[in-house]
Structure formats: C-alpha cells, structure tokens
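Structural overview
The chain contents come next:
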Amino acid sequence: MEEVLPLRISLGEEVVGEVRTRFRFDAERPYEVLLTFHLGRPDEADWVFSRELLRDGLCSLSGQGDVKLWPAYCPCHGSTLHLALESPHGSALLEVSKPKVQSWLDRTYALVSEEAERAFGPTDAQLSELLAGGA
C-alpha cells in the first residue's frame, strides 16, 4: 500500500519548498514504514522506521537519534506532523498534513492490526532490551 504526499522541507537554514514523498507499507513487514523522498534527481532518499514511531509521533514527540517526529499546529497549514531527519549527509526538517498521514496510517492498521503485527517480529521494547544486554 502506498500514497504520495507533498511535504514541506527545510535543509538547515535553507527552505527548499515541497518534496513529493511516497509513504509505503508492506503487509509482510507490518512493523515498518518506508518513506521515499523524490528530490528531482536520479537518486532518491529512502528512510525506513517503525510504524509505531510514526503512530506515536502523531500524538507527541517520538524518536531519538536519526529520526524524530512530533505534532504541531500553525495557522498557515493547520495540524501538521514534523519529521526531523539526520544523516551523515546532512539534516532536514519536514512538515506534512497530520490528517493525511493519520488517514494513511489508519489504513495500514486496517490491513494489519497492531495485535497481528506482533506475530511478525520483536517489538521496539524487545529490541531495546536485547540491545541493552537483556534476555
């Protein structure tokens, strides 16, 4: 399942404008979402992160490290979702319509529920515990 949404983007202090972004979800890998940024060049920028991170970011500050998401509101664009991305190549701040992302995300949960997702692999909490040296 996929949908292309326009995101407003800033790179550092420079406002670039809009970038078409393809939101993709594969029911065989329900714990993740893939965002592909169409930058008008032959190379496209792909970011993969957990569906849970996206869900949580629609409600409050979510994520750490390379990907952070949080809801916001501005008079110009209404209810939005902000995405802050960091990589060795630079950083970007993106803004997208929160209702459109919520609608897309709701459709992913209609395909594979949160309960059914657990059958596909470890949760973020289980991975964190594993990485911290737990059993």
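It should be noted that the structure appears before, not after, this text.
Reference entry: report on the structure contained in this document. Everything numeric here is computed off the predicted structure, so don't read it as measured data.

**Section: the overall build of the protein chain**
Scanning the protein chain for helices and strands turns up four helices and eight strands. Of the regular secondary structure in the protein chain, the N- to C-terminal order runs β-β-β-β-α-β-β-β-β-α-α-α. For the protein chain, the C-alpha radius of gyration of 15 Å lies close to 14 Å, the compact-globule estimate for 135 residues. The principal-axis extents of the C-alpha atoms in the protein chain amount to approximately 45 × 35 × 30 Å. The 135 residues of the protein chain split such that 34% are buried. Intrachain contacts of the protein chain at a sequence separation of at least 6 include 33% that bridge at least 24 residues.

**Overview of the pattern of salt bridges**
For the coordinates displayed, the defined rule picks out eight salt bridges. Of the charged contacts in the structure, one is a salt bridge between Arg55 and Glu52, with a shortest N-O distance of 3.7 Å. Pair noted here: Arg55 and Glu52 are both in helix 1 (residues 51-57), with a separation of three residues, about one helical turn. Under the relative-accessibility criterion, Arg55 is labelled partly exposed at 23%. Across the salt bridge formed by Asp56 and Arg55, the nearest N and O atoms sit 2.9 Å from each other. Judged by relative accessible area, Asp56 falls into the partly exposed class, the value being 28%.

**What to know about the environment of Val112**
Here Val112 is to be found in the loop between helix 2 (98-111) and helix 3 (114-117). We classify Val112 as buried; its relative accessible area is 7%. Contact partners of Val112, with chain neighbours within four places excluded, come to Phe25, Ala27, Pro30, Arg51, Glu117 and Phe120.

**Brief notes about the nonpolar core**
If you look at the biggest cluster of nonpolar residues, it comprises 27 residues, and the most contacted ones within it are Leu7, Phe49, Leu54, Leu83 and Leu94. The biggest single contributor to this core is helix 2, with four residues. Once you skip the residues sitting within four places of it in the chain, Leu83 turns out to touch Leu7, Leu35, Phe49, Lys68, Leu69, Ala92, Leu93, Leu94 and Val96.

**Notes on the pairing of strand 6 (residues 67-74)**
In the sheet, strand 5 (residues 62-64) pairs with strand 6 via three bridges, with the strands oriented antiparallel. Residue Ser62 lies in a different strand from strand 6, and its bridge partner there is Leu69. What sits between the antiparallel neighbours strand 6 and strand 7 (residues 78-87) is a turn of three residues.

**Observations regarding the side chain of Thr36**
Mapped onto the fold, Thr36 is located in strand 3 (residues 32-38). Separated by 2.7 Å, the side chains of Thr36 and Asp46 make a polar contact. If sequence neighbours within four positions are ignored, Thr36 has contacts with Arg20, Thr21, Arg22, Arg24, Glu44, Ala45 and Asp46.

Quick notes on the rules
Residues numbered from 1 in each chain as written. Predicted model: local features only at pLDDT ≥ 70, side-chain atom pairs only at ≥ 80, totals over all residues. Heavy atoms only, no water. Helix = DSSP H or I, 4+ residues; strand = E, 2+ residues; numbered from the N terminus. Rg over C-alpha atoms; globule rule 2.2 N^0.38 Å. Buried < 20%, exposed > 50% of the residue type's maximum accessible area, 1.4 Å probe, protein only. Contact = heavy atoms within 4.5 Å. Salt bridge = Lys/Arg side-chain N within 4 Å of Asp/Glu carboxyl O. Core = buried A, V, L, I, M, F, W, Y, C linked by side-chain atoms within 4.5 Å. Pairing = 2+ DSSP bridges. Polar contact = N/O pair within 3.5 Å; in protein donor to acceptor, adjacent residues only side chain to side chain.

Spatial relationships are all this shows, so hold off on functional conclusions.
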